[in-house]
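# Coordinates in review
This is what each chain is made of:
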Amino acid sequence: MVGSVDHFRNIFDEEELNESMVSKMENTTRHGAIKEKAQTNEVKIYNLDAIIAVSYRVNSKKATEFRIWK
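Here is a short report on the structure shown in this document. (Residues numbered from 1 in each chain as written. Predicted model: local features only at pLDDT ≥ 70, side-chain atom pairs only at ≥ 80, totals over all residues. Heavy atoms only, no water.)

Considering all chains together, one arrives at two aromatic pairs under this definition. Ring geometry for Phe 8 versus Tyr 46: centroids 3.7 Å apart, planes at 5°, classification stacked. Linking Phe 8 in helix α1 (residues 2-13) with Tyr 46 in strand β2 (residues 38-46), this pair joins segments that are 38 residues apart in sequence. Between Phe 12 and Tyr 46, the aromatic rings sit 6.5 Å apart at their centres with planes inclined by 15°, giving stacked as the arrangement. Within this pair, whereas Phe 12 is found in helix α1, its partner Tyr 46 is found in strand β2, the two being separated by 34 residues in sequence. Judged by its relative accessible area of 9%, Phe 12 is buried. By way of ring pairs, the aromatic residues Phe 8, Phe 12 and Tyr 46 are connected into one cluster. (Phe/Tyr/Trp six-rings, centres within 6.5 Å; stacked < 30°, edge-to-face > 60°. Helix = DSSP H or I, 4+ residues; strand = E, 2+ residues; numbered from the N terminus. Buried < 20%, exposed > 50% of the residue type's maximum accessible area, 1.4 Å probe, protein only.)

This part covers unusual backbone geometry. Generally, phi is negative for residues other than glycine and the peptide bonds are trans, each holding for most cases. Even without glycine at this site, Glu 15 takes up a positive phi of about 60°. Residue class for Glu 15 comes out exposed when judged on its relative accessible area of 71%.

On to the pattern of salt bridges, then. By the definition in use, this model includes two salt bridges. Between Asp 13 and Arg 9 there is a salt bridge, with the nearest N and O atoms lying 3.6 Å from each other. Of this pair, Asp 13 and Arg 9 both sit in helix α1, four residues apart, roughly one helical turn. With a shortest N-O distance of 3.2 Å, Glu 19 and Arg 9 are connected by a salt bridge. Of this pair, Glu 19 sits in the loop between α1 and β1 (22-30) while Arg 9 sits in helix α1; the two residues are ten residues apart in sequence, bridging distant segments of the chain. What emerges from the salt-bridge pattern is a single network uniting Arg 9, Asp 13 and Glu 19. (Salt bridge = Lys/Arg side-chain N within 4 Å of Asp/Glu carboxyl O.)

Below, the structure is given as structure tokens:
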């Protein structure tokens, strides 16, 4: 899914959608190497309109199946 990040950026840069379609949340997990430590990562959650817009930019069998499903 690394390429889809570029698709999202292009969708927002071209003003097809605006970035209000994204929620930023934090995910906290235990640190794997240090027992008493936790680590927090920022996670972007895209709404369905943004996901569908990316599906129309991706040219693959899975993207085609997704477009048929919706």
